[in-house]
Amino acid sequence: MEELNLNKETIKQEYDFTSTVVMGEKEHEDFHNIAYSRVSTFTLVFLIFSIVVIPQQFLIPENSMLLLYSAWMLVLMGYLFFITQIRIKKAYKRMVVSQGKETITYKVYFGEKIVAETDQHLPVEYDYNAVTSIKETRQFYLLGLKYNLYLILQKDIKSNVENVDFIEYVFNKCPNIKKKKVKRIMNKKRESIIYLLGFVILFLFTLICFFI
């Protein structure tokens, strides 16, 4: 990664594709499907584990520990979900305070290298081998870099080359994308809520069984 001391006209001279994203609150939340994706996966894994383990524990006469387990898991997963939600909202508020406005414009150019800039910062240049994954939310394509960093791209990305699909372009240019497949991470917040409700049902089930 290299920071470039370039003006806007310099970086626009030659490129194959260009993306412009105006990031407001709704766009910010859509981008953070990445965070909810981790919550969703973690919650689902433990929900499946609990559904498999809990019925077996009913064979044990003393099942008070089962009630404590389901209550503890509900609190843990609820905490994980709500702390993620709070952090996302705080991240947007920090962005607004630091930028002095409610939106920020991201631009990404694809040519010999990838050049990314915002309306508040100087352009930064990336080699194509810095890209390790590509994900898709409802509004964006996200090119994954090291340290959980992402380049945010509009889906209707503008092209200066004919008959070239952008996704294939990225796969061909980025040798460190091992799986040549776009990972979809849409509606991860909704999935997290559904799995959390599964823990609520599980807790109520063990509570009823405890008093029967």
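Predicted model only: the values in this text are computed from it and were never measured.

*Asks:* How should I be thinking about the overall build of the chain in this particular structure?
*Replies:* Check the secondary structure of the chain and you find 6 helices and 10 strands. Considering only contacts within the chain whose residues lie at least 6 apart along the sequence, 68% involve residues at least 24 apart. Surface summary for the chain: the accessible area is close to 13100 Å², and the carbon and sulfur share equals 59%.

*Asks:* Would you mind going over the packing of aromatic side chains with me for this structure?
*Replies:* A ring pair, where both rings are aromatic, is described by two values, the distance of the centres and the angle of the planes. Within this structure, the stated rule accounts for 11 aromatic pairs. Measuring from ring centre to ring centre gives 5.8 Å for Y36 and F81, while their planes differ by 40 degrees; the resulting arrangement is tilted. In this pair, Y36 sits in helix α3 (residues 33–57) while F81 sits in helix α4 (residues 64–99), placing the two residues 45 residues apart along the sequence. The class of Y36 is buried, set by a relative accessible area of 2%. Measuring from centroid to centroid gives 5.2 Å for F110 and F166, while their planes differ by 75 degrees, and the two rings are edge-to-face.

*Asks:* Sorry if this is basic, but what is going on with the packing of α4 against helix α6 (residues 188–211) here?
*Replies:* What describes two packed helices is the angle between their axes and the distance between those same axes. At a minimum axis distance of 9 Å, the contact between α4 and α6 shows a crossing angle of 160 degrees. The orientation of α4 with respect to α6, classified from their angle, is roughly antiparallel. For the pair α4 and α6, the sense of crossing is left-handed. Listed contacts from α6 to S64, L66, L67, S70, A71, M73, L74, M77, G78, F81, F82 and Q85 of α4 are K189, S192, I193, L196, F199, V200, L202, F203, T206, L207 and F210. Classifying every residue of the contact of α4 with α6 gives 16 nonpolar, 6 polar and 1 charged.

*Asks:* How do you make sense of unusual backbone geometry when you look at a structure like this?
*Replies:* A negative phi holds for most residues other than glycine; trans holds for most peptide bonds. You will see that Y147, though not glycine, has its phi angle at about 60 degrees, which is positive. Checked against the element boundaries, Y147 lands in the loop between β7 (140–144) and β8 (150–154). Its identity is not glycine, yet N163 carries a phi of approximately 60 degrees, on the positive side. With respect to the element layout, N163 can be found in the loop between β9 (158–159) and α5 (166–173). Under the relative-accessibility criterion, N163 is labelled exposed at 81%.

*Asks:* Help me understand the layout of surface pockets in this model?
*Replies:* The probe, sized like a water molecule, is rolled over the atoms to show the empty space still left. In this model, the largest pocket occupies a volume close to 610 Å³. Contributing to the lining of the largest pocket are 25 residues, with Y106, L149, Y150, L151 and I152 lying nearest its centre. Where the lining of the largest pocket is concerned, the elements lending two or more residues are α3, α4, β3 (104–110), β4 (114–118), β5 (124–126) and β8. Among the elements that line the lining of the largest pocket, the one with the most residues is β3, at 4 residues. A class-by-class count of the residues in the lining of the largest pocket yields 17 nonpolar, 5 polar and 3 charged.

*Asks:* Even after reading the chapter, I still don't get the nonpolar core, so can you show me in this structure?
*Replies:* Generally speaking, soluble globular proteins have nonpolar side chains that are buried together. Ranked by size, the top nonpolar core spans 23 residues in total, and within it F110, I114, L143 and F166 carry the most contacts. Sorting the residues of this core by element identifies β3, β4, β5, β7, β8 and α5 as the ones contributing at least two each. By residue number, the principal contributor to this core is α5, which donates 5 residues. Filtering out sequence-adjacent residues up to four positions away, I114 remains in contact with V108, Y109, V124, E125, Y126, Y128, V131 and L151. With 14 residues, the next largest nonpolar core counts V39, M73, I88 and Y195 among its residues.

Cut-offs used in this document
- Residues numbered from 1 in each chain as written.
- Predicted model: local features only at pLDDT ≥ 70, side-chain atom pairs only at ≥ 80, totals over all residues.
- Heavy atoms only, no water.
- Helix = DSSP H or I, 4+ residues; strand = E, 2+ residues; numbered from the N terminus.
- Contact = heavy atoms within 4.5 Å.
- Areas by Shrake-Rupley, 256 points an atom, 1.4 Å probe, with all protein chains shown as cover.
- Phe/Tyr/Trp six-rings, centres within 6.5 Å; stacked < 30°, edge-to-face > 60°.
- Buried < 20%, exposed > 50% of the residue type's maximum accessible area, 1.4 Å probe, protein only.
- Axes fitted to C-alpha atoms, helices over the stretch in contact; angles between N-to-C directions.
- Parallel < 35°, antiparallel > 145°, perpendicular 65-115°, else oblique.
- Left-handed = near helix turned anticlockwise from the far one by under 90°.
- Nonpolar A, V, L, I, M, F, W, Y, C, P; charged D, E, K, R; others polar.
- 1 Å grid on protein atoms, 1.4 Å probe; cavity = no way out; pocket = protein on both sides within 12 Å on 5 of 7 lines; lining within 4 Å.
- Points joined across faces, edges and corners; volume = space filled by probe spheres on them.
- Core = buried A, V, L, I, M, F, W, Y, C linked by side-chain atoms within 4.5 Å.

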